[in-house]
Amino acid sequence: MTDASSPPEIMPADHGNPALIEAIHAAINAAGGQLPFARFMELALYHPDHGYYLAPPRRPGRGGDFLTAPETHPFFGLTLARQVAECWERLGRPQPFTVREYGPGVGGLAYDVIAGLATEAPGAHAALRYRLVEPNRHRLHEALAAMQAVGLGDVVAEETADLGRALRPIEGVVLANEVADAFPVHRLVVRAGRPHEIYVIRRGEGFGEEEGDLSGPRVTEAWEHVVAAGVTLTDGDVVEVSPAASDWFAGVGRGIGRGYVIALDYGYPAALLYQGHRLQGTLRGYAEHTVTDNPYIRIGTQDLTAHVDFSALERAGRSVGLQMAGWTTQGAFLAALGLGDFLVQLQADPAASPADYYAAQAATLRLIDPGGLGRFGVLVMARDAPVEPPLRGLTLKPPPF
């Protein structure tokens, strides 16, 4: 083993949840003194008692730590409902029609999509069964209670709390907004033309890093796919790979009997992802709307994410029989679906105040901004469902990168 670049010295008060830190230290000891970073990240995010995603405290805005597209404005979900409605039409208007949403949090996107279907496609709304797949039981119960309170208790239900488990095949649409980026990643660094894996070790009361051989065949396979994408790597370049995200997406695909999967997240196909400044690594921590590249602070109270390799997700989907329908950016996707229509309608609404309109206008610009949320990726795959002509959301060419 050789030492990797050490994280900065951290005051104990910045470490995070002491119980979670103790649990991670115990895991390091049990593993012989080092953990693949993916295992560290898994414990930090998904420890059953103290992990960021599973702990009881409610954090608005994905932890109150950064703003996701559904929380930017209801226009996001209302626009997405148009794509869901088209999927229903292309499937032959099935009865029932199931929408399965992964990682719904407290149900904001679900509510907006259902409201959009009620207006845009009453037939789809009447046939709708909306199913939530949320690992945090506290947020799930909050979402179900909110749906019950607004009269949607007969439409919305829980399906399972296990993001990694294949579910009963449905006829309909799977939605996954900013889910894949939260799966654990292995961090790899190039040394003398070869990949080395970054491991987490205990350093005093905190953590440090060491480099070593790749931790298993799945990591080796992921690395080989990066190289096969034609990526040029030099010494010191850092890439993240996530077999866990691929496994999840394969499970998503097995859960589609007939229909579409729509995954929205920040990331790129491999040939675009692994280049430029992103070869310094894309792992980031988010807490209270601040960002850091140090994952070893605020453990259990900061989100950890990395850019999504959409090529890896596509490969996982194909491995279980899904067909590619298309990839685009969120800005092009929403524009093609007529996001601007809602702004025009609001402007014409005499009940809307100027403040309402300007807030909606600003939110609309954020959602399509190619330098912000608009550059997020949208991957659509299908099983036993038409992909030609392209779905409406895939009809606009995304801007060059």
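Above this text sits the structure in question.
If you're wondering where the values come from, they're calculated on a predicted model, not measured in any experiment. (Residues numbered from 1 in each chain as written. Predicted model: local features only at pLDDT ≥ 70, side-chain atom pairs only at ≥ 80, totals over all residues. Heavy atoms only, no water.)

Undergrad: Tell me about the overall build of the protein chain, and name the residues and values.
TA: A count of helical and extended segments in the protein chain gives 15 helices and 18 strands. Here the C-alpha radius of gyration of the protein chain, 21 Å, is about what a compact globule of 401 residues would show, namely 21 Å. Projected onto its principal axes, the C-alpha coordinates of the protein chain cover approximately 65 × 45 × 40 Å. Residues classed as buried in the protein chain amount to 57% of the 401 residues present. Restricting to contacts in the protein chain with at least 6 residues of sequence separation, those with at least 24 account for 78%. By element, 53% of the accessible surface of the protein chain is carried by carbon and sulfur atoms, the whole surface being about 16400 Å². Across the protein chain, the centroid of the 32 positively charged side chains sits 5 Å from that of the 46 negatively charged ones. (Helix = DSSP H or I, 4+ residues; strand = E, 2+ residues; numbered from the N terminus. Rg over C-alpha atoms; globule rule 2.2 N^0.38 Å. Buried < 20%, exposed > 50% of the residue type's maximum accessible area, 1.4 Å probe, protein only. Contact = heavy atoms within 4.5 Å. Areas by Shrake-Rupley, 256 points an atom, 1.4 Å probe, with all protein chains shown as cover. Lys, Arg positive; Asp, Glu negative; His and termini not counted. Charge placed at Lys NZ, Arg CZ, Asp CG, Glu CD.)

Undergrad: Describe the nonpolar core, with residues and values.
TA: Soluble, globular proteins show a tendency: their nonpolar side chains are buried together. Among the nonpolar cores identified, the biggest contains 58 residues, and Phe-97, Val-113, Leu-117, Tyr-130 and Leu-175 are the most heavily contacted of them. Among the elements that make up this core, the one with the highest residue count is helix H5 (residues 75–90) (nine residues). Once residues within four sequence positions are removed from consideration, Tyr-130 is found in contact with Val-99, Glu-101, Leu-109, Ala-110, Val-113, Ile-114, Val-155, Val-156, Ala-157 and Leu-175. Membership of the second largest hydrophobic core comes to 26 residues, among which are Leu-167, Ala-250, Val-308 and Trp-327. (Core = buried A, V, L, I, M, F, W, Y, C linked by side-chain atoms within 4.5 Å.)

Undergrad: Before we move on, can you summarise the sheet that holds strand S13 (residues 284–287) with the specific residues and values?
TA: One open sheet accounts for three strands, arranged S14-S13-S15; its pairing is antiparallel. Sheet topology places strand S14 (290–292) and strand S15 (303–305) at the edges, where each strand pairs with a single neighbour. Neighbour-to-neighbour, the strand axes of this sheet turn through a mean angle of 25°, independent of strand direction. Where S13 meets S14, three bridges bridge the pair, whose relative direction is antiparallel. By the bridge assignment, Ala-287 is partnered in S14 with Thr-290. (Pairing = 2+ DSSP bridges. Axes fitted to C-alpha atoms, helices over the stretch in contact; angles between N-to-C directions.)

Undergrad: Lay out the side chain of Asp-112 with the relevant residues and their values.
TA: Structurally, the position occupied by Asp-112 is in helix H6 (residues 108–120). Since its relative accessible area comes to 10%, Asp-112 is described here as buried. In this view, Asp-112 contacts Pro-70, Pro-74, Gly-77 and Leu-78; residues no more than four positions away in its chain are not counted.

Undergrad: Explain the packing of H5 against H6 to me, and be specific about the residues and the numbers.
TA: Two packed helices can be described by the angle between their axes and the distance between those axes. Closest axis-to-axis distance for the H5/H6 pair is 7 Å, and the angle between their directions is 55°. On the basis of the axis angle, H5 is oblique to H6. Between H5 and H6 lies a crossing whose hand is right-handed. Facing H5, whose interface residues are Phe-76, Gly-77, Leu-78, Leu-80, Ala-81, Arg-82, Val-84 and Ala-85, H6 presents Leu-109, Asp-112, Val-113, Ala-115, Gly-116, Leu-117 and Glu-120. Counted by class, the contact of H5 with H6 contains ten nonpolar, two polar and three charged residues. (Parallel < 35°, antiparallel > 145°, perpendicular 65-115°, else oblique. Left-handed = near helix turned anticlockwise from the far one by under 90°. Nonpolar A, V, L, I, M, F, W, Y, C, P; charged D, E, K, R; others polar.)

Undergrad: Tell me what's going on with helix H14 (residues 339–348), and back it up with residues and numbers.
TA: When we look at burial in H14, the residues that qualify are Leu-339, Phe-342, Leu-343 and Leu-346. The buried residues of H14 occupy one face: seen down the axis, they fall within an arc of 100°. H14 presents Val-344, Gln-347 and Ala-348 as exposed residues on the side facing more than 90 degrees away from its buried surface. Structurally, H14 contributes buried residues whose contacts are with H5, H6, helix H13 (330–336) and helix H15 (354–368). (Arc of directions from axis to C-beta.)

Undergrad: Go over the pairing of strand S4 (residues 128–133) with me, naming the residues and quoting the values.
TA: Most of S4 is tucked away, with five of its six residues classed as buried. As paired strands, strand S3 (residues 97–102) and S4 are joined by six bridges and run parallel to one another. Paired with Thr-98 across the bridge in S4 is Arg-129. Note that S4 and strand S5 (residues 156–160) share four bridges and pair parallel. Among the inter-strand pairings, Arg-131 is bridged to a residue of S5, identified as Ala-157. In terms of handedness, the path from S4 via helix H8 (residues 137–149) over to S5 forms a crossover that is right-handed. (Right-handed = clockwise from strand over helix to strand, strands pointing away.)

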